[in-house]
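Chain by chain, the residues run as shown.
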Amino acid sequence: MKNIKATITALCLCAAPTIFAQQNNLPLIPQPAKVVQGDGTFTFSPTLKVWADAYDGDSIKLVLQQFEQKFTPATGTHFKYGGKSATMQLRCNKHLGNEAYTLNVTPKQIVIEAAKPAGFFYALQTLQQLLPSRNAMAGVPDSTIASWTLPAVSIADAPRFGWRGFMLDEGRHFYGKREVMKIIDMMAAYKMNRFHWHLTEDQGWRIEIKKYPKLTEVGAWRHSRTLGYGETVPDGERYGGYYTQADAREIVKYARDRFIEIVPEVDIPGHSQAAVASYPEFLACDPQNPHQVWLYQGVSADVINVSNPRAVQFANDVIDELTGIFPFSYIHLGGDECPVYKWQHNADCQKQLKELGSDNYRDLQINFYHQLQQHMAQKPQHEQRKLIFWNEVLHGNTAPLGKDITIMAWIGADAAAQDAAKRGMNTILSPQIPYYINRRQSKDVWEPRSQGWGTETVEAVYNYVPMKGVPDALQSKYLGVQANFWTEWVEDASTVQYLTFPRLAAVAEAGWTPQSERSYTNFEQRLQAEPAFYKAAGVNYGKHVFGKTKDKAQ
Ligand code: ACM
């Protein structure tokens, strides 16, 4: 909120007529906090003189160079780095918030101000959307454009929330580096800043852990591509894949360059059958029985034996390696949908619960996390990570975990988020309905096989109001919003894209734009520019808000 106020104040000072964002007809997504349209246009010449203020590690210049790599091939305009009177100027303004920026375009000049490289990055995303062809956002030329121009405009912008996330489940299906990078590109274009990477599941473990090689030798592979559910039966194909640590580091750099933090999720102790199948001797509650990577959808009862000290050691070791790969603020330890049946029938688990003085088996899970948290607390400061959990952990006694954890609220999300905030914890809104954007996005007959009934339309997703009715005193606990993509039914990356877009744009706007500036009618109009972007970027997208014909569906 502070960021927005600072930038709006800055804009008001320049005595221009006030025009609220929704009244402009510029195809910007997410809608900026404040837009004032001016008169005339700026026209790019074959050479553009640019200036960027100095910054640590020359990182403003690096942002500009990244922009140039798409802008120049698309438009034919070359940059000439020159003096302070340059035509396009990137100037530091320490009064703006970390992600805020101002963008002023007149027929003569382009001036961008921000306090941090992220602000400049976001200003340049906005600038790209103001160009006459969306091809420019993908670095693709457009021969129909005779002259590359920008409308005169004054924008003062800052995000509503600091957390604007997207989660991809690669436990169920593995898509690979190229597809993940494509999603990161799209998130960056929409000014999203957290990629939550769901890396482990009952059906597959997708990240190399050097201390436990069987996690990827055994846990990354299963005997069916399609996951059994109802009348759908496993097909017997050997299927799987995983990211080496080198792959993951490459993706980390790619995301970092685009101001996106990766939040790796290792979902333990539930949703862990692939791990249990890899090391049943110390992870299984019943090591005497056979265990295999799961071939079905749903929630497996084959959870980690949290009472085994070797299971705790395993989790600590995994956290240590994750910490080395992902240099960001958070690690997500899952915590959703963890059946306690096997604990109820295991003598060591029964004994541990008694020692804890509880009769709620969920408290075994909390105790497990508490030990991992204590391990993390002993690390040097730069290796410490904040922990995130799905909201089911609130069903246990969370007191041992303290307040310094974050709850990702998905089931009964609004109530769960308020519960977390009242307990003094931070929270993120990722309501299953309508932010699980793997669900069918329309009732059209050609909608791909997935979950849901087609009611999670772009409009339904857009119209969710984050933090509605939340008392002022709790609002600071709400970090932001996140869309989630679960992949039980989605075997190929093209279908992931089809279901993700354009709904991700709707969530991005909820995360960025002040609620007072949001209107679905206006959004749908602005959205009409996006298919050109998706086509240039080589990304599939849902068609139901762009006119319905069968041949447009894939
Ligand atoms: C979840 O949807 N199981 C977090």
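Up top is the structure these notes are about.
Residues numbered from 1 in each chain as written. Predicted model: local features only at pLDDT ≥ 70, side-chain atom pairs only at ≥ 80, totals over all residues. Heavy atoms only, no water.

Undergrad: I would appreciate a short explanation of the pairing of strand 6 (residues 110–114) in the present structure.
TA: It is a general feature of regular strands that their side chains alternate between the two faces of the sheet. Strand 6 sits mainly inside the fold: four of its five residues count as buried. As paired strands, strand 4 (residues 88–92) and strand 6 are joined by five bridges and run parallel to one another. Bridged to Cys92 within strand 6 is Ala114. In this sheet, strand 6 lies alongside strand 5 (residues 101–105) in antiparallel orientation, the contact comprising five bridges. Bridge pairing in strand 6 links Thr102 to Glu113. With antiparallel pairing between neighbouring strands as the criterion, strand 5 and strand 6 make up a hairpin whose turn holds four residues. (Buried < 20%, exposed > 50% of the residue type's maximum accessible area, 1.4 Å probe, protein only. Helix = DSSP H or I, 4+ residues; strand = E, 2+ residues; numbered from the N terminus. Pairing = 2+ DSSP bridges.)

Undergrad: Just to check I follow, could you spell out the packing of helix 4 (residues 177–189) against helix 20 (residues 530–537) for this structure?
TA: Helix packing geometry: the angle between the two helix axes and the distance between the axes. Two elements in contact, helix 4 and helix 20, have axes whose closest approach is 12 Å; the angle formed by their N-to-C orientations is 150°. Viewed along their axes, helix 4 and helix 20 adopt a mutual orientation that is roughly antiparallel. In the packing of helix 4 onto helix 20, the handedness of the crossing is right-handed. Contacts between helix 4 and helix 20 involve Lys182, Met186 and Ala189 from the first element and Phe533, Tyr534 and Ala537 from the second. (Axes fitted to C-alpha atoms, helices over the stretch in contact; angles between N-to-C directions. Parallel < 35°, antiparallel > 145°, perpendicular 65-115°, else oblique. Left-handed = near helix turned anticlockwise from the far one by under 90°. Contact = heavy atoms within 4.5 Å.)

Undergrad: When you look at unusual backbone geometry in this model, what are you seeing that I'm missing?
TA: Where the residue is not glycine, phi is negative for most of them; where a peptide bond is considered, it is trans in most cases. Going from Ile268 to Pro269, the amide bond is cis rather than trans, its omega being 0°. Of the consecutive residues Ile433 and Pro434, the connecting peptide bond is found in the cis state with omega at 15°. Within the element layout of this structure, Pro434 appears in helix 14 (residues 432–435). Residues other than glycine seldom take positive phi values, yet His271 does so here, at roughly 50°.

Undergrad: Looking at this structure, how should I read the pattern of salt bridges?
TA: Pairing of side chains with opposite charge becomes possible as their charged atoms draw close. For the structure on display, the rule yields 23 salt bridges. A salt bridge links Asp169 to Arg172, with the nearest nitrogen and oxygen atoms 2.9 Å apart. Given the relative accessible area of 2%, Arg172 is considered buried. Glu456 is the partner of Arg439 in a salt bridge, and the nearest nitrogen-oxygen pair spans 2.7 Å. (Salt bridge = Lys/Arg side-chain N within 4 Å of Asp/Glu carboxyl O.)

Undergrad: Any chance you could explain the packing of aromatic side chains here in plain terms?
TA: One pair of aromatic rings is described through two measures. These are the centre distance and the angle between the planes. A complete count under the given rule lists 36 aromatic pairs for this structure. A ring pair is formed by Phe121 and Phe259, whose centres lie 5.1 Å apart and whose planes are at 50°; its orientation type is tilted. With a gap of 138 residues between them, Phe121 in helix 3 (residues 117–130) and Phe259 in the loop between helix 6 (245–257) and strand 14 (261–265) connect regions that are remote in the sequence. Using a relative accessible area of 4% as the deciding quantity, one classes Phe121 as buried. Note on Phe282 and Phe314: the rings are 6.2 Å apart at their centroids and 55° apart in plane angle, and the pair reads as tilted. Here Phe314 lies in helix 9 (residues 309–325) and Phe282 lies in helix 8 (residues 280–283), a separation of 32 residues in the sequence. Phe282 gets classed as buried once you look at its relative accessible area, which sits at 3%. Taken together, the ring pairs connect Phe42, Phe44, Phe67, Phe71, Phe79 and Tyr81 into an aromatic cluster. Above the face of the Tyr462 ring, Arg518 is positioned so that its terminal group lies 4.4 Å from the ring centre. (Phe/Tyr/Trp six-rings, centres within 6.5 Å; stacked < 30°, edge-to-face > 60°. Lys NZ or Arg CZ within 6 Å of the ring centre and 35° of its normal.)

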